[in-house]
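Close look at the chain arrangement
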Amino acid sequence: MQAALVDLDDDELFLTAFRREVDARGHVEKLAPFIEGCLADAGRTVKDVDAVVSGIGPGPFTGLRVGMVTAAAFADGAGIPVYGVCSLDGIGGNTRGRALAATDARRKEIYWAVYEDGVREGEPQVCKPSELPDTRADYAIGEGASKYADELPMEAEATAIYPDLVKLVELAGPRLLAGAPTEKLTPLYLRRPDAQPSGAAPSA
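All of these numbers come straight from a predicted model, not from anything done at the bench.

Parameters and conventions
Residue positions within a chain follow its written sequence, with the count starting from 1. Where totals are concerned, whole chains, interfaces and linings use all residues; where local detail is concerned, this predicted model gives features only for residues with pLDDT of at least 70, and gives and counts side-chain atom pairs only at 80 or more. Derived side-chain values reflect all non-hydrogen atoms in the structure, with water molecules and hydrogen atoms excluded from consideration. Salt bridges are defined by distance alone: a side-chain nitrogen of Lys or Arg within 4 Å of a carboxyl oxygen of Asp or Glu. Only DSSP runs of H or I with at least four residues qualify as helices, and only runs of E with at least two residues qualify as strands; both kinds are numbered from the N terminus onward. Relative accessible area decides the class of each residue, using a 1.4 Å probe on protein chains only: under 20% of the type maximum gives buried, over 50% gives exposed, and in between gives partly exposed. In this description, a nonpolar core means a group of buried Ala, Val, Leu, Ile, Met, Phe, Trp, Tyr and Cys residues linked to one another through side-chain atoms lying within 4.5 Å. Residue contacts are counted whenever heavy atoms from the two residues lie within 4.5 Å of one another. By convention in this document, the label disulfide applies to cysteine sulfur atom pairs within 2.5 Å. What goes into a patch is any residue over 30% in relative accessible area without a salt bridge, connected to like charges within 9 Å or, for nonpolar side chains (Val, Leu, Ile, Met, Phe, Trp, Tyr), within 5 Å. Under the convention used here, a 1.4 Å probe and the Shrake-Rupley method define accessible areas, while residue burial counts only the protein chains that appear. The charge count includes Lys and Arg as positive and Asp and Glu as negative, but it does not include His or the ends of the chains. For charged residues, the charge sits on one atom: NZ in Lys, CZ in Arg, CG in Asp, CD in Glu. Looking at any residue, its pLDDT shows the predictor's confidence there, from 0 to 100. One bridge is not enough; two strands pair if DSSP finds at least two bridges between them. Any pair of N or O atoms that falls within 3.5 Å is considered a polar contact. Within protein, one atom must be able to donate a hydrogen and the other to accept it, and sequence-neighbouring residues count only if both atoms are side-chain atoms. Side-chain rings of Phe, Tyr and Trp (the six-membered ring for Trp) are treated as a pair once their centres are within 6.5 Å; stacked means planes under 30 degrees apart, edge-to-face means over 60, and tilted covers the remaining angles.

1. Thoughts on the pattern of salt bridges
This model, assessed by the stated rule, comprises 10 salt bridges. The partner of R19 in a salt bridge is D41, and the shortest N-O contact between them spans 3.0 Å. Within this pair, whereas R19 is found in strand β2 (residues 12–20), its partner D41 is found in helix α1 (residues 27–42), the two being separated by 22 residues in sequence. Here R19 falls in the partly exposed class, since its relative accessible area comes to 29%. D41 gets classed as partly exposed once you look at its relative accessible area, which sits at 48%. K30 is the salt-bridge partner of E21, the closest N and O atoms lying 2.6 Å from each other.

Right, here's the structure in full:
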């Protein structure tokens, strides 16, 4: 879970304030204070924010839902637009060569996508590391790559790498600079949530 305040000055992006905590729980209680903390650290207020950028996954259902709802609610309350960006692009968008960006999908699976010089090829996927198809990637990065390095068919970074929030803002930049209208954030779940209504079939 992370939040940041990013400034745009003369077409340059600057990370002004940043908060992160790697924790699978407590998203609801911590994310809003993270946002408030970033504003306080930078000596800014809500009125100084021009737009909100949110990762839209793929990711676990609860954490992704909380993040997107918080982003949309903040933007709505401030009267500013919100834009969504694939979360994996915040990892793979900074790569060179042919790379696999992978995050932990739990259930011993990874969310992944392949990038050629930082540009994603195709749509994000989910599978077990041992069932990864031939991607022709030279290396893998991300929390999923770090956690399942021994099961991946390519070299993997040992240190977990999380989405770069400045990169997410950069990818949303054309929409922001063009004054594009706010977007309805659509999550990339890739699979059903664990919790199902009574009588529903369990997720695969």
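Further notes follow.
2. Overview of the nonpolar core
Ranked by size, the top nonpolar core spans 17 residues in total, and within it L5, V52, V82 and L185 carry the most contacts. For this core, the secondary-structure elements that each account for two or more residues are β1 (2–9), α1 and α2 (61–78). Residues within four places of L185 in sequence aside, it is in contact with S54, I56, M68, A71, A72, V82, Y83 and G84. Core analysis: the next-biggest nonpolar cluster, separate from the first, contains 13 residues, I110, A137, Y148 and M154 among them.

3. Here we look at the state of the cysteines
Taken as a whole and judged by the stated rule, the model has zero disulfides. With no disulfide of its own, C86 lies closest to C127 among cysteine sulfurs, the gap being 15 Å. C86 gets classed as buried once you look at its relative accessible area, which sits at 6%.

4. What about a negative patch on the surface?
A cluster of acidic side chains, namely D9, D10, D11 and E12, defines a negative patch on the protein surface. Among the structural elements, D9 can be located in strand β1. Taking the relative accessible area as the measure of exposure, D9 reaches 43% and is therefore partly exposed.

5. Looking at the confidence of the model for the protein
Averaged over every residue, the pLDDT of the protein is 91; the share at 70 or more is 91%. Within the model, pLDDT remains below 50 along residues 200–204, and this stretch shows nine contacts once partners closer than five positions in the same chain are excluded.

6. A few points about the sheet that holds strand β6 (residues 109–116)
Remark on secondary structure: sheet strands pair via backbone hydrogen bonds, oriented parallel or antiparallel. Spatial strand order, β7-β6-β5-β8-β9: five strands in an open sheet with mixed pairing. Strands at the two margins of the open sheet, each flanked by one partner only, are β7 (119–127) and β9 (155–156).

7. Observations regarding the side chain of T95
Inspection of the secondary structure puts T95 in the loop between α3 (89–92) and β5 (98–106). There is a polar contact of 2.6 Å between the side chain of T95 and the backbone oxygen of G92. Sequence-distant contacts of T95, defined by excluding residues within four places in its chain, comprise Y115, D117, G118, Y139 and I141.

8. Section: the packing of aromatic side chains
Counted by the stated rule, this structure contains one aromatic pair. Both rings, one in F61 and one in Y189, keep their centres 4.8 Å apart while their planes meet at 40°; by these two values the pair is tilted. Residue F61 is located in helix α2, and its partner Y189 is located in the segment after α5 (165–177); the two are separated by 128 residues in the primary sequence. Assessed through its relative accessible area of 28%, F61 is described here as partly exposed. You can call Y189 partly exposed: its relative accessible area is 21%.

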